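Below are the chains, spelled out letter by letter.
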Amino acid sequence: MTTPATLSRPQLRRVLRQRRRALSRSQQRLAARNLYRQLVQSPQFRRARHIALYLPNDGEIDPRPLLAAAQKRGKRTYLPVLSAWPRTKMVFQRVSRHEKLAGNRFRILEPRPQPKRQRKVWTLDLVLLPLVGFDDRGGRLGMGGGFYDRSLAYLRMRKNWHMPTLLGLAHECQRVDELAMASWDVPLQATVTDKAWY
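The structure displayed is predicted, hence computed values, not measured ones.

Peer 1: Got a minute to help me understand the sheet that holds strand β10 (residues 165–170) in this structure?
Peer 2: Strand pairing in a sheet relies on backbone hydrogen bonds, with the paired strands running either antiparallel or parallel. Here we have seven strands laid out as an open sheet, ordered β6-β3-β2-β1-β7-β10-β11, and mixed in their pairing. Across the chains shown, the open sheet's two edge strands, defined by having one partner strand only, are β6 (118–119) and β11 (190–193). Note that β10 and β11 share four bridges and pair parallel. The residue of β11 that forms the bridge with alanine 170 is threonine 193. Set on the sheet, helix α2 (residues 25–39) makes contact with β7 (126–130), β10 and β11; between it and β11 the angle comes to about 135°.

Peer 1: Would you mind showing me how to read α2 here?
Peer 2: Owing to its 3.6 residues per turn, the α-helix aligns residues three or four sequence positions apart on the same side. Over its 15 residues, α2 extends 21 Å from the first C-alpha to the last, a length consistent with the 21 Å expected when each residue adds 1.5 Å. Considering only its buried residues, α2 is in contact with α1 (9–21), α3 (43–47), α4 (64–72), β7, β10 and β11.

Peer 1: Even after reading the chapter, I still don't get the UniProt feature "binding site: ATP" (unreviewed entry) in the protein, so can you show me in this structure?
Peer 2: The residues that UniProt annotates with the feature "binding site: ATP" (unreviewed entry) are Arg140, Leu141, Gly142, Met143, Gly144, Gly145, Gly146, Phe147 and Tyr148. For glycine 142, the position within the fold is in the loop between β9 (140–141) and α5 (147–151). For glycine 142, a relative accessible area of 10% translates into the label buried. Setting aside residues up to four positions removed in sequence, glycine 142 forms contacts with Arg13 and Val132. Mapped onto the secondary structure, glycine 145 falls in the loop between β9 and α5. Accessibility expressed as a relative area gives 36% for glycine 145, which makes it partly exposed.

Calculation notes
- Residues numbered from 1 in each chain as written.
- Predicted model: local features only at pLDDT ≥ 70, side-chain atom pairs only at ≥ 80, totals over all residues.
- Heavy atoms only, no water.
- Pairing = 2+ DSSP bridges.
- Helix = DSSP H or I, 4+ residues; strand = E, 2+ residues; numbered from the N terminus.
- Contact = heavy atoms within 4.5 Å.
- Axes fitted to C-alpha atoms, helices over the stretch in contact; angles between N-to-C directions.
- Expected span 1.5 Å × (residues − 1).
- UniProt positions renumbered as here; feature names shortened; annotations may be inferred.
- Buried < 20%, exposed > 50% of the residue type's maximum accessible area, 1.4 Å probe, protein only.

Structure representation (structure tokens):
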């Protein structure tokens, strides 16, 4: 989808968030089903034993069908949990099927922090990331908090480190021609939408 190249990152973020929030409930449900079909039989998903996902917020494409499929197949699933201190840190914590979740400071559901159930990000096989915008070259525009970029910063220092596989998840309407990458941005191996892989 074409977006004016003259927009700043905050302006682009605002436009793309409006696009995904404009999708109706039925469009969101259909997108979630189509995303599931794109990913569930992929080698990346089938081979992974430890998978981090997210719970949708603010119009993000919904990966909960993938979460349910992973748990049904005996894979270990993890959700991001924000640290109380430092407030800029995020960890990944194992989540079970009927676990009670509570809203964090951004009103996003997450499990109650339990350090013994948390796993270092570099020991995960697959991380499915939310995003606001993406391009065909692995560029990702997030919400602006930098939680994923900080958690994955070690990947910029490693040339031969291949874990985890990073896949962005998005609605097709969040695709842009080109994203200017900031020095702290961690590129994705691919982005998967309800329509295609990029």
